[in-house]
Structure formats: structure tokens, C-alpha cells
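Residue-level listing of the chains:
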Amino acid sequence: MRVTLSGTRGSLAAAGPETVRYGGDTASVLVTTNGFFLALDAGSGIRRLGPMANGRKRVDILLSHLHMDHIQGLGFFDPVFDPNVEVHIWGPGSVRLDLEQLLGRYLSPPLFPVRIRELAAVVLHDVQPGSFQVGPFLVTADYVSHPGATLGYRLEHDGRVLSYLPDHEPALGAQEFPADPDWTSGHDLMLDANLLIHDAQYTDAEYEQRQGWGHSTFDHTLAIAEQCRVDRLVTFHHDPSHDDDMLDSVAAEITGRSLPFDFVPGRAGTAFDV
């Protein structure tokens, strides 16, 4: 698997001179293997992936959830307007509404000029917890701790594992963290992953005022990566108020620790072979 970070920011796009190194676009990650094209989330970062899909007959997108920062790029992703490309969008519905109805609340006037039903080559799939095949990938999805119906994903291919939990608060309600694996959100999705891309939005001080908002601290993310025995951790979903200098400072402090896994701060444009 070739994994490329396109959008690494969380909550709100934050483009500017102070976010050049880590990127200002919201969440989107490209996964390719043997010519298959799969995007994880459709934040503003997915727009940059459009030209990479040229000449393909099929493109797949796995949505973790439907908060705006994870879907706002859909209407700017070129393949959804190309009738010659099948775009399969996978994501969570709700108890009352399916994925098409939920996405239609955004992809329709007055929020967007084009309705999702007008995109003839788009195929929508409601995802429930469990495993299913998407091209060459065995995908396992499960609900994780974040407001609203939110899925974490585990992708397996050729004996290698990528885990993607971009919005996740596994420490919510825990008196001590990490807690028992059986009671830890997302644990099985992350266990023994070769590459884990995980929410690390807050500092400890910020988290004190934001418990229940659905995000992790840097230390929570390091702890869960160690508990799950991952090979490599990528911190992700950077807060829009965290500029490059601040993230560099945090990364330098983490790099100075003795960690049982490789640590890579999530920067837009970084690619990994898994």
C-alpha cells in the first residue's frame, strides 16, 4: 500500500503562511495499490487528489463520518462530475436516514449548487460495523468515540495493516488511560497495525476544557499506539490554531522520548509504503 497524506488539518481549514509545512487542508488520505484508488475522507484535501484519478474507471472514498471538515471537498473532487468514472462513496448512515439522505443535506441548495442525485456515476454504500471488501482491500469498520455516527477503519492488504482513526476520543470517561483493551474504543481496529493514522488534536491543557468534544491529546495518542503495538504512528487532525512552529515543537519533544514505535508527525504530502 502507498499511503499519501493530502489533508491533515481538523475542524476547519487553516491555510496560510503559518501552516505551510503541515498543511491547511482538512482530512483526506490517498491509499493506492496495484492501480486501485481509495481516498480516506473527503475534506478539502481531497481536491488535490482529483488529478491523480485521471484515466481511472473507478474511485472509492471511505468516509469516517459526516462532519463538514470530512466531506466539504466532495463537491470539488473532479471524478464525481465525470460520468465515465464510477465513484463509490462508503460511510455511516443513521438510525433514521441513509448515507444518500445525509450527504444530500450538504450537496444540495442552498449549501451547494449541485444535488447529489444529479451525479449519475456516484454509488453510495451505507457502512455498518464489520468487514467487507473494497477492491483489493479487506476493510473492517467499527464505531468509535466521537460525537455522531463515526467509524474507524482498518485496511488489510497483502499481510499489511493500515488503521485510520482521524477523530477519536478513546480516553473519554476513563479514570486512567490507557484502560482495559476490552473497554477501549477502537482498540481492535488499531491492534498490531503497521501504520496508524490517529487524531492528536489537543495538548493536555487544551483537553481539560474540551473533554467530550471527540478528540485526543498527543499523549493519549502515544499511549494508545503503544498499547496496540503499532509499528508506526502518524499524528493527524491538527487543530486549526496549531501553527507549524507549535507542531514542530511538540514533534521534537515526542521524538526525544523512548518510544516502542516509529513516530511521524502528519504533514501534507508525506507518503508511506506500508
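Scroll up for the structure.
Throughout, residues of each chain are indexed from 1 in the direction in which the sequence is written. Local features in a predicted model are, by the rule used here, given only for residues with pLDDT of at least 70; side-chain atom pairs are given and counted only at 80 or more, and totals for whole chains, interfaces and linings are based on all residues. Each side-chain value is worked out from all heavy atoms of the structure, with water and hydrogens disregarded.

**What to know about a negative patch on the surface**
Stage number 1. Only residues whose relative accessible area exceeds 30% and that form no salt bridge are eligible for patches; like-charged ones are grouped when within 9 Å, while nonpolar side chains (Val, Leu, Ile, Met, Phe, Trp, Tyr) are grouped when within 5 Å. Under the convention used here, a 1.4 Å probe and the Shrake-Rupley method define accessible areas, while residue burial counts only the protein chains that appear. Each reported salt bridge corresponds to a side-chain nitrogen of Lys or Arg within 4 Å of a carboxyl oxygen of Asp or Glu. Here the positive residues are Lys and Arg and the negative ones are Asp and Glu; neither His nor the chain ends is included. Think of each charge as sitting on NZ of Lys, CZ of Arg, CG of Asp or CD of Glu. Negative charge collects at one region of the surface, where D142, D180, D182 and D188 lie side by side.
Stage number 2. Helical segments are the DSSP runs of H or I of at least four residues, strand segments are the runs of E of at least two, and each set is numbered from the N terminus. Relative to the helices and strands, D142 is located in strand 8 (residues 137–143).

**Quick look at the sheet that holds strand 7 (residues 130–134)**
Stage number 1. In short, DSSP must find at least two bridges between two strands for them to pair. The strand order across the open sheet built from seven strands is 7-8-9-10-11-12-13, with neighbouring strands paired in mixed fashion. Each edge of the open sheet carries a strand with a single partner, namely strand 7 and strand 13 (262–265). Here the strands of the sheet are splayed against their neighbours by 20° on average, with no regard to which way each runs.
Stage number 2. The pairing of strand 9 (residues 151–157) with strand 10 (residues 160–165) spans five bridges and is classified as antiparallel. Bridging from a neighbouring strand, Y153 pairs with Y164 of strand 10. Fitted lines through C-alpha atoms serve as axes, helices being fitted only where they are in contact, and the angles separating the N-to-C directions of these axes extend from 0 to 180 degrees.

**Here's the deal with the environment of L102**
Stage number 1. Structurally, the position occupied by L102 is in helix 2 (residues 99–104).
Stage number 2. Exposure is judged per residue with a 1.4 Å probe applied to protein chains only, and the accessible area is read against the type maximum: over 50% gives exposed, under 20% gives buried, and values in between give partly exposed. A relative accessible area of 18% means that L102 is categorised as buried.
Stage number 3. Along the backbone, L102 and L66 are 36 residues apart, and their C-alpha atoms lie at a distance of 8.0 Å.
Stage number 4. Sequence-distant contacts of L102, defined by excluding residues within four places in its chain, comprise L66, P92, G93, S94 and L97. Between two residues, a contact is recorded if the distance between any of their heavy atoms is within 4.5 Å.

**As for the pattern of salt bridges**
Stage number 1. Counted according to the given criterion, the structure contains 10 salt bridges.
Stage number 2. The partner of D245 in a salt bridge is R21, with the nearest N and O atoms 3.0 Å apart. With D245 in helix 6 (residues 244–255) and R21 in the loop between strand 1 (2–7) and strand 2 (28–33), this residue pair connects regions lying 224 residues apart in the sequence.
Stage number 3. A salt bridge links E253 to R257, with the shortest nitrogen-to-oxygen separation between them at 3.0 Å.
Stage number 4. Look at E253 and you get partly exposed, because its relative accessible area is 42%.
Stage number 5. A residue is classified by how much of its surface remains accessible, and R257, at 33% relative accessible area, is partly exposed.
Stage number 6. Three or more residues joined by partner-sharing salt bridges are found here, namely R21, D245, D248 and R267.

**Quick notes on the nonpolar core**
Among soluble globular proteins, nonpolar side chains are generally buried collectively.
Stage number 1. Residues belong to one nonpolar core when they are buried, are Ala, Val, Leu, Ile, Met, Phe, Trp, Tyr or Cys, and are joined through side-chain atoms within 4.5 Å. Membership of the largest hydrophobic core comes to 28 residues, with the highest contact counts inside it found for V3, V29, V31, Y153, L155, L162 and I197.
Stage number 2. With residues up to four places along the chain from it excluded, the contact list for V31 reads M1, R2, V3, F36, F37, L38, L40, F137, L155 and L162.
Stage number 3. Judged by nonpolar contacts, the second largest core, of 25 residues, contains I71, L99, L107 and F112.

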